[in-house]
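Chain residues, written in single-letter form:
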Amino acid sequence: MAKLNKGILMGRIGAAHGIKGEVRITAFTEDPLAIADYDPLETDRQGLSISIAKARLAKNVVIATLKGVSDRNDAEKLNGVSLYVSRDRLDEPDDDEFYHADLIGLEVRLADGAVLGTISAVENFGSDDLLDVKLSETRKSVYLPFTRAVVPELFIADGYVVATPPEGWLEDTPRDPEDVEPDENR
C-alpha cells in the first residue's frame, strides 16, 4: 500500500450528529470554524477527500454538513477519519509561531546539552499538549508536558528543543501499560 502524504493535521471527524448526515469534527485550527475554509481536506483514507458544505460551532466541536453525505449511516462510516491540508496551503507562521508538525523529528536536549531523544508526535488527550519523546538510550517513549516550564526553548530551524523534565518524571512516568509494574497490594 502506498504511504499517504498527510500534510498538516487540521481536525478529526467524530461521531455522527443527528440523522441527516452531519458529523462532529474536533478542529485543531486556532478558530475551529476555520477548518471549513480549507476545501477540500485530504484524509488518512486512500482516495477520500472531504468538503465541508456548512459548519457551526457547538461547545467545543464543529458540527458539519459534508458534501455527498446525506444520512447517518454515511456519516458513521467517517468516524475517526483525520483531516489534512498540504503545508503549501497554509500561511507561513510568524517568527514566534510554528505548526505542531514542525516539532516532529526534532531532537530533545536537556539543559546541559545531552540528547534525551526525538519528538515522535504531539498529542492532546483533552488537557494540554504532550510531546511524545522516543528516548535515545532505551528507545521507549515518554510524554513530556508541552509547557514553557518543561520546554523553555525551541530552536526549530536548528533541529532541537531544550527540555527540563520535572524531577523524577522520566523514571516515574511509563508510556506503555506493559511498563507499569503490578501493584501487589491489590
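The text that follows walks through the structure, step by step, so that each part is easy to find. Computed from a predicted structure; not experimentally measured.

**Looking at the sheet that holds strand E1 (residues 8–17)**
Next up, step 1: Sheet architecture is open: seven strands sit in the order E4-E3-E7-E1-E2-E6-E5, paired in antiparallel fashion. The open sheet is flanked by strand E4 (49–50) and strand E5 (52–58), the only strands paired with a single partner.
Next up, step 2: When E5 meets strand E6 (residues 61–66), the two strands line up antiparallel, connected through six bridges. Looking at E6, one finds that Ile-52 is bridged to Leu-66.

**Comments concerning the sheet that holds strand E13 (residues 160–163)**
Next up, step 1: Taking strand neighbours across the sheet as the criterion, the six strands line up as E11-E10-E9-E8-E13-E12 in an open arrangement whose pairing is mixed. The open sheet has two free edges, formed respectively by strand E11 (141–145) and strand E12 (153–155), since each of these has just one partner strand. Averaged over all pairs of adjacent strands, the angle between strand axes in this sheet comes to 35°, irrespective of strand direction.

**Some remarks on the pattern of salt bridges**
Next up, step 1: In this structure the tally under the stated criterion is six salt bridges.
Next up, step 2: A salt bridge links Arg-56 to Glu-22; the nearest nitrogen and oxygen atoms lie 2.7 Å apart. Residue Arg-56 is found in strand E5, and its partner Glu-22 is found in strand E2 (residues 22–27); the two are separated by 34 residues along the sequence.
Next up, step 3: Among the residues examined, Arg-56 registers a relative accessible area of 39% and is labelled partly exposed.
Next up, step 4: In this structure Glu-22 comes out as buried when scored by relative accessible area, which is 16%.
Next up, step 5: Across the salt bridge formed by Arg-109 and Glu-107, the nearest N and O atoms sit 2.8 Å from each other.

Cut-offs applied
- Residues numbered from 1 in each chain as written.
- Predicted model: local features only at pLDDT ≥ 70, side-chain atom pairs only at ≥ 80, totals over all residues.
- Heavy atoms only, no water.
- Pairing = 2+ DSSP bridges.
- Helix = DSSP H or I, 4+ residues; strand = E, 2+ residues; numbered from the N terminus.
- Axes fitted to C-alpha atoms, helices over the stretch in contact; angles between N-to-C directions.
- Salt bridge = Lys/Arg side-chain N within 4 Å of Asp/Glu carboxyl O.
- Buried < 20%, exposed > 50% of the residue type's maximum accessible area, 1.4 Å probe, protein only.

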